Amino acid sequence: MRNSIFLAFLFAHVLSWSQVTIPPSDPTAHPSYAAYLEAGRVKNLNARLVSAGELLEVYPENSKTFGWMASALYGNNRPDDAVMFSQWAMAFDSYNPETGFYGFTYSVFANRPTEAKLFLENMQAVGQDQATMQRDQQALSNYVNSLAKYPQLSTTVQLANGFLSDYNNRSIARAKATFENLATSLGATYEDIAQNATAEKILADWVNAEKAVEEGLISRALYTEALVFMAQLSEKVNFSFGQKLEPHLEKIVFDQKNYSLPLRYRAFLRLARVQAALKRWDKVLSSSSFMIDQLKGKAPSTAVLAKTYFYTVMALTEQQKYDEAAQIADGYINLLPKLKSPEYVAEAYYVLLRAYAFNKDVEKGKAIRKKAQEFLKIPGIENQTYAAFVTDGLSTTENILGEGAVVLSGNAYNDGLTLVGLKKYAEAALQFEKAREEEVKILEGLSILAQRGYLDKFQRINGNLAATYYETGQFDKIYDVIESNRSYSLLNDKRSTIKQLPLKELQSVLGANEAYLSFIDVSKGSTYEGTYLMCLVRKNDVTVKYNRSAGAFTDLLSDDKELIVLEKEMAKNEFRQPNLDYFTGAKARKTGMFGQGEFKLMTQYLRKHMEAKVVDGQYVFYQKEKVPDLLRRFYITFIDGLEDKLQGITKLTISPEGLTGTIPFDALMDGQGRYLAERFEMGYIPSASLLYSLRKQPKKKFEKNVLAFGGATYELHAAPKAPLSSIGDLEKLRYRVREDLEKGLPLDYAFATFQGKEPMSFLQGGRNEVVLIQKQVPLTDTRLDDMMTENELKRMSKANELGKYRALHLSSHASVHPYVFDLSAFAMTVKPNPVDGEDGMLVVGEVEKLNLPIDFVMLSACQTALGIESPGDGIKGLNQALFNAGVNSTLTSLWSVSDSGTMFLSVELYDRMFNKSMATPTALAEVKRNFIKGVYGDQTHPYFWAPFIYTGY
């Protein structure tokens, strides 16, 4: 039904689409401009408006066309709309004093003094000769005074005359400030930007100009113009410098308070280009989706809105979120009949073709392909650079939408996907190998931070390459592919002595009864998910198998209505629409496969059953009877197929990828009802390279055993809450937090924004465990109560005092922030106001900067092993931050932990580590087994012991 409606719409607009022609480069040479002038001459106001609208669509980024539309609207007695279009005109050419002149007059007539003042100030800042200034002042004064007869404008007229008083001196002051602060950026050349030292000086001048902007000496339009101009130059001659402009562009795009919508859109156009070039598709999606929301009901033209759809659909497609891309494409298609710019039409064909083809919406794709082919027949279109959009879109999708022999497009990754679709796995493997070589060359030429934007595609290439190796029996190559996925992680760069560890080197450090199990997601970004290749390495052999995907969960996915409720809860928390198509039958389920979002949903479903609440002093579990069944299903999915190779193994180290990092493998239950923790010493590690580096490093002697922090008290933050009524406010808060973190400023306002009515509860059990550790473990120091502060931990870090201790124990609250990841933190003592610049919350970014040459850290808190999925880095959070800070091993948690259970675990663990000289993973395994046996009372449920995972060597 949906396809038939779409096709009916498509063919109903064939004639309107065919009217696109190649326009002259100068809009004054366009026939519609002549019509615009003639309509003005004969005073046909409606015709003048229509002609201006036509020009605006043909030349969507030209300041003149916005100005002509503003003039036509003013002539039609629509001054408010005239002001709006003048703002757009100024955003695209703030140099032109004429825009400010007319914008000022329209604003006064519209009774909008604030806008009038801004137009005038921009006009003055441009700088003109004395005679011109006098002429403009006189003309504007005459116009303002002519409006004095309108009583409703009396206040605005009075204010406008005030703005015009001392016009010359104010013009000179603003022009002087603009020249002194922005001359280097507004006057920059390609040669300037090509030279790094010169470019850095230009950027520094621009940043320093912000003070003059805030004082009103420089207009925000000119300030934005200068930044966009620098970004435009850098795109061609200094790409690395362009990357440095990204956060500045980003700040303007999301700053609704200080920048007008036209200025933010102007910055967005350049930001999206930079982010797309960096392949930061998540950021492209964030900025473009935000701009779509901002433009609703406010877009000055169809073309302006179309550009945001272009980037949104492209970002979703590049992330392989094909179903979502196709849905947004259905909205994009509605804009096509009104688009008159051939470049914008070409862009539309490119992303629409790919979105529909990759989502297997073949009929829609063929309909668009037919129109795209007709577009290429327009005389002269083949000589236009934007024609490449259409030809690329056609060639990329030809094998999906066309017939006949396979025609490769030259894009190795896309060709590999096409060949996989045709089950030509050997040929596909060659294409993915080529794509991987191309991507490695790009990655090796980038800084470590710049590599982040490319790793999502790099991982998708590796996932497909591993799958094609499996299908063609090249099992010996899969270990290397999996480890290459980890080779560009920030953690690997900081800690590993070898970037990508050869298989023989890994086997050299494995014990005779030890196995290393790593994963690679081969369904990453596709419509289906949760399909992994598992590589089990033992001392003398390697085994590679697929996990069983959704096979063990088929009945739950089909019949368990609780999953629908949970999906709705997750969607609400993640600011998205529930993904219920597979549950409701709106989309056919592929046998044995997880639909989009379902694997994550199932991991959350397990967590929900593993956690407990305390009611009247008693632990209450959610459907406790279901837990063994769920744990067996996950065991069947990830471990059962490897059982024959696990016989005789006593130590199992897991290197997870993506969502597998949230699964409590210790608690998975085999067919005999045994937890894996009963069978193996369980450990986790981000990569084989890190495992090797940690095992090969020299052993260090420590002066003391444990430094334990506990007994913190918590009060509510007194800072005013930041605005948080829209997704735009949330984005602004994210960037403010990021900026303040770089400056080392407290984030109490951000924590205040999300805090509840009551402060965090005091953890008596956490304090008790610290006291018991000190009693039981010799050479232990504590920081209790008022001494458990962020200031004290940072002081010790700076003074190199932490390196004296083998172990650091932190007992408190912690959380991974659901909306602003940078606020993920470990709570120290929290006061209403910052103490010596510290807000009491030790956030991820601050943890990374600590000096922690420590062997072991235990975060005795909730959910400290969780974080966000980050390409190359797996689950990025507090645990990874600790390793970046220099720690060798950690004990963190996957869910909210039991106060009493944690006390038993930590005290018993340290007793074995320091009094009985047991290795940490061995000691932990023994303690967990005691929990299971009931040694510590009625705390046998995995809730008490399974959340704690050991990461290290």
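See the structure above.
Residues numbered from 1 in each chain as written. Predicted model: local features only at pLDDT ≥ 70, side-chain atom pairs only at ≥ 80, totals over all residues. Heavy atoms only, no water.

Asks: Give me the environment of Met 602: which residues, what numbers.
Replies: Looking at the element boundaries, Met 602 is found in helix α33 (residues 598-610). Sequence separation between Met 602 and Leu 642 is 40 residues, and the spatial gap between their C-alpha atoms is 22 Å. Leave out the neighbours within four places in its chain, and Met 602 touches Phe 553, Leu 556, Leu 557, Leu 563, Phe 594 and Phe 634. (Helix = DSSP H or I, 4+ residues; strand = E, 2+ residues; numbered from the N terminus. Contact = heavy atoms within 4.5 Å.)

Asks: Explain the packing of helix α24 (residues 412-421) against helix α25 (residues 425-444) to me, and be specific about the residues and the numbers.
Replies: One can describe the packing of α24 onto α25 by two numbers: an axis separation of 8 Å at closest approach and a directional angle of 160°. Classed by the angle they form, the pair α24 and α25 counts as roughly antiparallel. The element α24 and its partner α25 pack so that their crossing is left-handed. The residues of α25 that touch α24, namely those facing Ala 412, Tyr 413, Asp 415, Gly 416, Leu 417, Leu 419 and Val 420, are Tyr 425, Glu 427, Ala 428, Gln 431, Phe 432, Lys 434, Ala 435 and Glu 438. In terms of residue class, the contact of α24 with α25 is made up of nine nonpolar, two polar and four charged. (Axes fitted to C-alpha atoms, helices over the stretch in contact; angles between N-to-C directions. Parallel < 35°, antiparallel > 145°, perpendicular 65-115°, else oblique. Left-handed = near helix turned anticlockwise from the far one by under 90°. Nonpolar A, V, L, I, M, F, W, Y, C, P; charged D, E, K, R; others polar.)

Asks: Tell me what's going on with unusual backbone geometry, and back it up with residues and numbers.
Replies: Phi is mostly negative for residues that are not glycine, and the peptide bonds are mostly trans. Backbone geometry places Leu 779, a non-glycine residue, at a positive phi of 55°. By secondary structure assignment, the location of Leu 779 is in the loop between α40 (764-776) and β9 (780-784). Judged by relative accessible area, Leu 779 falls into the exposed class, the value being 51%. We note that Asn 800 has phi near 60°; this positive angle belongs to a residue other than glycine. (Buried < 20%, exposed > 50% of the residue type's maximum accessible area, 1.4 Å probe, protein only.)

Asks: With reference to specific residues and values, describe the packing of aromatic side chains.
Replies: Applying the stated criterion across every chain, the model contains 47 aromatic pairs. Arranged with centres 5.0 Å apart and planes meeting at 90°, the rings of Tyr 619 and Phe 944 form a pair that is edge-to-face. Linking Tyr 619 in strand β5 (residues 618-621) with Phe 944 in helix α46 (residues 942-945), this pair joins segments that are 325 residues apart in sequence. Relative accessible area serves as the criterion here: at 3%, Phe 944 is assigned to the buried category. Clustering of aromatic rings is evident, with ring pairs tying together Phe 66, Trp 88, Phe 92, Tyr 265, Phe 268, Phe 310, Tyr 311, Tyr 350 and Phe 389. Positioned over the ring face of Tyr 344 is Lys 307, at 4.4 Å from the centre of the ring. (Phe/Tyr/Trp six-rings, centres within 6.5 Å; stacked < 30°, edge-to-face > 60°. Lys NZ or Arg CZ within 6 Å of the ring centre and 35° of its normal.)

Asks: Just give me the short version of the nonpolar core, but keep the residues and values in it.
Replies: Judged by nonpolar contacts, the single largest core of 134 residues is most densely connected at Phe 104, Leu 182, Tyr 265, Tyr 332, Leu 352 and Phe 375. When neighbours within four sequence positions are excluded, Phe 104 is seen to be in contact with Ala 116, Phe 119, Leu 120, Leu 140, Val 144, Ala 160, Phe 163 and Leu 164. (Core = buried A, V, L, I, M, F, W, Y, C linked by side-chain atoms within 4.5 Å.)

Asks: Can you lay out the side chain of Glu 483 for me, pointing to particular residues and giving the numbers?
Replies: On the secondary structure map, Glu 483 appears in helix α27 (residues 478-486). Salt bridges are absent for the buried Glu 483, whose nearest opposite-charge side chain, Arg 486, sits at 4.8 Å. In this structure the side chain of Glu 483 is engaged in a polar contact, spanning 3.1 Å, whose partner is the backbone nitrogen of Ala 688. Those residues in contact with Glu 483, other than ones at most four positions away along the chain, are Gln 500, Tyr 516, Ser 518, Ser 687, Ala 688 and Ser 689. (Lys, Arg positive; Asp, Glu negative; His and termini not counted. Salt bridge = Lys/Arg side-chain N within 4 Å of Asp/Glu carboxyl O. Polar contact = N/O pair within 3.5 Å; in protein donor to acceptor, adjacent residues only side chain to side chain.)

Asks: Can you break down the pairing of strand β6 (residues 651-655) residue by residue, with the values?
Replies: Burial runs high along β6: five of the five residues are buried. Sheet topology places strand β1 (residues 514-521) next to β6; five bridges connect them, and they run parallel. Each bridged residue has a counterpart across the sheet, and for Leu 517 the counterpart in β6 is Ile 654. For β6 and strand β7 (residues 681-684), the ladder comprises four bridges, and the chain directions are parallel. By the bridge assignment, Leu 652 is partnered in β7 with Met 682. (Pairing = 2+ DSSP bridges.)

Asks: Quick one: what's the story with helix α26 (residues 455-471), residue by residue and with numbers?
Replies: For the α-helix, the turn length of 3.6 residues means that residues three or four positions removed from each other point alike. Between its first and last C-alpha, α26 extends 24 Å over 17 residues, near the 24 Å set by a 1.5 Å rise per residue. Among the 17 residues in α26, 14 count as buried, and that is most of the element. (Expected span 1.5 Å × (residues − 1).)

Asks: So, the sheet that holds strand β11 (residues 814-815): which residues are in play, and what are the values?
Replies: Two strands in a sheet stick together by hydrogen bonds in their backbones, pointing the same way (parallel) or opposite ways (antiparallel). Read from one edge of the open sheet, three strands run β11-β12-β13, paired in antiparallel fashion. For this open sheet the edge positions go to β11 and β13 (841-843), each flanked by a neighbour on one side alone. Bridge count between strand β12 (residues 825-827) and β13: three bridges; the pairing is antiparallel. Looking at β13, one finds that Ala 827 is bridged to Met 841.

Asks: Give a detailed account of α24, specifying residues and quantitative values.
Replies: Of all ten residues that make up α24, seven are buried, and the element is covered over most of its length. Of the positions making up α24, those classed as buried are Ala 412, Tyr 413, Asn 414, Asp 415, Gly 416, Thr 418 and Leu 419. Where α24 is buried, its residues touch α21 (342-358), α23 (387-401), α25 and α26. Positive backbone phi, at 60°, marks Lys 423, one or two positions downstream of α24.

Asks: Residues and numbers for the environment of Thr 782, please.
Replies: Within the secondary structure layout, Thr 782 lies in strand β9. Look at Thr 782 and you get buried, because its relative accessible area is 19%. Not counting residues within four places of it along the chain, the set of residues in contact with Thr 782 comprises Ala 708, Val 770 and Gln 774.

Asks: An account of the pattern of salt bridges is needed here, citing residue identities and associated values.
Replies: Applying the stated criterion across every chain yields a total of 52 salt bridges. Two residues, Arg 538 and Asp 541, come together in a salt bridge whose shortest N-O distance is 2.5 Å. With its nearest N and O atoms 3.0 Å apart, the salt bridge here joins Arg 795 to Glu 792. Of this pair, Arg 795 and Glu 792 both sit in helix α41 (residues 790-798), three residues apart, roughly one helical turn.

Everything listed here is a matter of geometry and, on its own, says nothing about what the molecule does.
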